[in-house]
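Per-entry structural report
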Amino acid sequence: MSDNIVLIDNPRPHVRRVTMNRPEKRNSLIHPLRGAVLEALEEADRDDDVKVSIVCGAGPSFSAGYDLSGGNEGYELPFYTPGGEGQWPRHVTEGWMSIWDLAKPVIAQVHGYCLAGGSELATGCDLVYMAEDAKMGYPAVRFGVPDMHFHPWFLGMRKAMEMMLTGDYVTGVEAVERGWANACFPESELEDAVLEVAERIAQVPAELLQMNKRVVHRQMEHMGMRAGIRAGTELCALGTHTQAMADFVGSIKKKGLTTTLSERDSKFGDYRTSH
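Since we're looking at a predicted model, the values are computed, not measured. All residue numbers refer to position in the chain's written sequence, counted from 1. Where totals are concerned, whole chains, interfaces and linings use all residues; where local detail is concerned, this predicted model gives features only for residues with pLDDT of at least 70, and gives and counts side-chain atom pairs only at 80 or more. The basis for every side-chain value is the complete set of non-hydrogen atoms in the structure, without hydrogens or water.

**Quick look at the overall build of the chain**
Each helix is a run of DSSP H or I of at least 4 residues and each strand a run of E of at least 2, with the numbering of both proceeding from the N terminus. Secondary structure summary: the chain contains 11 helices and 9 strands in total. For 275 residues, the compact-globule estimate of 2.2 N^0.38 gives 19 Å, and the C-alpha radius of gyration of the chain, at 18 Å, lies within 12% of that figure. The principal-axis extents of the C-alpha atoms in the chain amount to approximately 55 × 40 × 40 Å. In the chain, the share of contacts with a sequence separation of at least 24, taken over all contacts with a separation of at least 6, comes to 71%. As presented, the chain carries roughly 13100 Å² of accessible surface, and 52% of it is formed by carbon and sulfur atoms. We score Asp and Glu as negative and Lys and Arg as positive, and we do not count His or the chain ends. A single reference atom marks each charge: NZ on Lys, CZ on Arg, CG on Asp, CD on Glu. Charge-centre separation for the chain: the mean point of 28 positive side chains lies 4 Å from the mean point of 38 negative side chains. Only the C-alpha atoms count toward the radius of gyration. The rule for a globule is 2.2 Å times the residue count to the power 0.38. Contact definition: two residues touch when any of their heavy atoms are within 4.5 Å. Note on areas: Shrake-Rupley, 1.4 Å probe, and residue coverage restricted to the protein chains presented here.

**A closer look at helix H1 (residues 31-46)**
Here, expected helix span is obtained from the residue count minus one, scaled by 1.5 Å. Taking 1.5 Å of rise per residue, 16 residues should cover 22 Å, and H1 covers 23 Å from first to last C-alpha, within 8% of that figure. Burial here depends on accessible area, computed with a 1.4 Å probe over protein chains only, as a share of the maximum for the residue type. Under 20% is buried, over 50% is exposed, and the range in between is partly exposed. Inspection of H1 places His31, Pro32, Leu33, Arg34, Gly35, Ala36, Val37, Leu38, Ala40, Leu41 and Ala44 among the buried residues, and these make up the whole buried set. Against the buried residues of H1 lie strand S1 (6-12), strand S2 (15-20), strand S3 (52-57), helix H2 (87-101), strand S4 (106-110) and helix H3 (117-124).

**Let's talk about unusual backbone geometry**
Positive phi, close to 70°, is recorded for histidine 14, a residue that is not glycine. Tracing the backbone through its elements, the reader meets histidine 14 in the loop between S1 and S2. Phi is positive for arginine 26, which is not a glycine, with a value near 50°. On the secondary structure map, arginine 26 appears in the loop between S2 and H1.

**A short note on the sheet that holds strand S6 (residues 127-131)**
Backbone-to-backbone hydrogen bonds pair the strands of a sheet. The strands run either parallel or antiparallel. Taken in spatial order, the 6 strands make up an open sheet running S1-S2-S3-S4-S6-S9, and their pairing is mixed. Bordering the open sheet on either side are S1 and strand S9 (183-185), each of which pairs with just one other strand. Ignoring which end each strand starts from, the neighbouring axes of this sheet average 25° apart. Axis definition: a line fitted to C-alpha atoms, limited for helices to the stretch in contact. Angles are taken between N-to-C directions and run from 0 to 180 degrees. Where H1 meets the sheet, it contacts S1, S2, S3 and S4, and its direction lies at approximately 175° from that of S2. For two strands to pair, DSSP has to find at least two bridges joining them.

**As for the sheet that holds strand S5 (residues 113-115)**
Strand order in the open sheet formed by 3 strands is S5-S7-S8, with mixed pairing between adjacent strands. The open sheet is flanked by S5 and strand S8 (169-171), the only strands paired with a single partner. Between one strand and the next, the sheet's axes are offset by a mean angle of 20°, whatever the strand orientation. Note that S5 and strand S7 (residues 135-137) share 3 bridges and pair parallel. Across the sheet, residue leucine 115 finds its bridge partner in S7, namely glycine 137. Against the sheet, H3 contacts S5 and S7, and its axis sits at roughly 90° relative to S5.

**Let's talk about the packing of helix H10 (residues 243-255) against helix H11 (residues 257-266)**
A packed helix pair is summarised by two numbers, namely the angle formed by the two axes and the spacing between the axes. Relative orientation of the contacting elements H10 and H11 amounts to 130°, with a least axis distance of 7 Å. The angle between H10 and H11 falls in the class oblique. Seen from H10, the contacting residues are Phe248, Ser251, Ile252 and Lys255; seen from H11, they are Leu257, Thr259, Thr260, Leu261, Glu263 and Arg264. Gly is placed with the polar residues, together with every amino acid not listed as nonpolar (Ala, Val, Leu, Ile, Met, Phe, Trp, Tyr, Cys and Pro) or charged (Asp, Glu, Lys and Arg). Here the residues of the contact of H10 with H11 are counted per class, giving 4 nonpolar, 3 polar and 3 charged. For classification purposes, angles smaller than 35 degrees are called roughly parallel, those larger than 145 roughly antiparallel, those between 65 and 115 roughly perpendicular, and all remaining angles oblique.

**Considering the nonpolar core**
By nonpolar core we mean a set of buried residues, namely Ala, Val, Leu, Ile, Met, Phe, Trp, Tyr and Cys, connected to one another through side-chain atoms within 4.5 Å. Counting residues in each nonpolar core, the largest one holds 67 residues, and the members touching the most others are Trp96, Ile99, Ile107, Val110, Met130, Met136 and Trp180. Setting aside chain neighbours within four positions, we find isoleucine 107 in contact with Val52, Ser53, Ile54, Val55, Cys125, Leu127, Tyr129, Val194, Val197, Ala198 and Ile201.

**Considerations on the environment of glycine 172**
In this structure, glycine 172 sits in helix H6 (residues 172-178). Glycine 172 gets classed as buried once you look at its relative accessible area, which sits at 0%. If we skip the residues at most four places from it in the chain, glycine 172 touches Met130, Ala131, Glu132, Ala134 and Cys184.

**With respect to the environment of leucine 238**
As for its position among the elements, leucine 238 is in helix H9 (residues 225-239). In this structure the C-alpha to C-alpha distance between leucine 238 and glycine 86, which are 152 residues apart in sequence, comes to 8.1 Å.

**Some points on the packing of aromatic side chains**
Two aromatic rings are characterised by how far apart their centres lie and by the angle between their planes. Ring pairs are drawn from Phe, Tyr and Trp, using the six-membered ring of Trp, whenever the two centres fall within 6.5 Å, and their geometry is named by plane angle: stacked under 30 degrees, edge-to-face over 60, tilted for the rest. Going through the model one piece at a time under the given rule, you end up with 5 aromatic pairs. Both rings, one in phenylalanine 143 and one in phenylalanine 248, keep their centres 3.7 Å apart while their planes meet at 0°; by these two values the pair is stacked. One end of the pair, phenylalanine 143, is in the loop between S7 and helix H4 (151-155); the other, phenylalanine 248, is in helix H10, and 105 residues separate them in sequence. A connected cluster of aromatic rings, assembled from ring pairs, spans Tyr113, Tyr169 and Tyr271. Our definition puts a charge over a ring when NZ of Lys or CZ of Arg is within 6 Å of the ring centre and also within 35 degrees of the ring normal. Sitting over the face of the ring of phenylalanine 268, arginine 142 holds its NZ or CZ atom 3.6 Å from the ring centroid.

**With respect to the state of the cysteines**
When the sulfur atoms of two cysteines come within 2.5 Å, that pair is taken as a disulfide. Counted according to the given criterion, the structure contains 0 disulfides. For the unlinked cysteine cysteine 114, the closest cysteine sulfur is that of cysteine 125, found at 9.3 Å. The exposure class of cysteine 114 is buried, given its relative accessible area of 0%.

Printed below as a string of structure tokens:
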């Protein structure tokens, strides 16, 4: 795997930026990319000169989600998670929630597609800023059960239910209205807007940023968010044993991933079938 699977720079004083760099694959989340993102954020957390980090994606999208095309072949999981039934949803949820446990705040800068695992990554960040026409959704509910059930917490029960039952997405504008994202901007203005927020955060002493980040997370945890998300991984594990999942995997083997996804979404007229 190329060493530049993530690009790391410091665009402003005390600001670290981690750019997922698989643009030709819409930054699909293979094991090495997930590991590289988390490692880069941990490194920034240890760096005394960094006060805030940004995660973004190169190319047309933030991330289209987990790689379903066999891109993980030959790669091990990037960090250990106890095995057994449900290891996968526990593994990825543990990874994204580890961003919550970092001392310093992390911003997700979202454009294009932010789907499935990509939406989980963004949710694990402390702040989310989106392009107005970005698309955040979980189309995988059309063949399985999500790994990380953040929707009721950040979008409200009714919208969460609608997204879980249809696989439909919300735009950046709708995500802000629902409370999943902080703000949205025309895509051409998104980078500058995120850097402006990061610069404002960097004006606050690091020791206060760390404690005030935990203030918010502790309240969410006391309301049960973390326990609820962890409990949801068991439902994801059950979902792997459904006939719908078996049919989906069988179709990929027979027809290929692109055709299978197009057939899945064509009746809805969205995602790759919307043009």
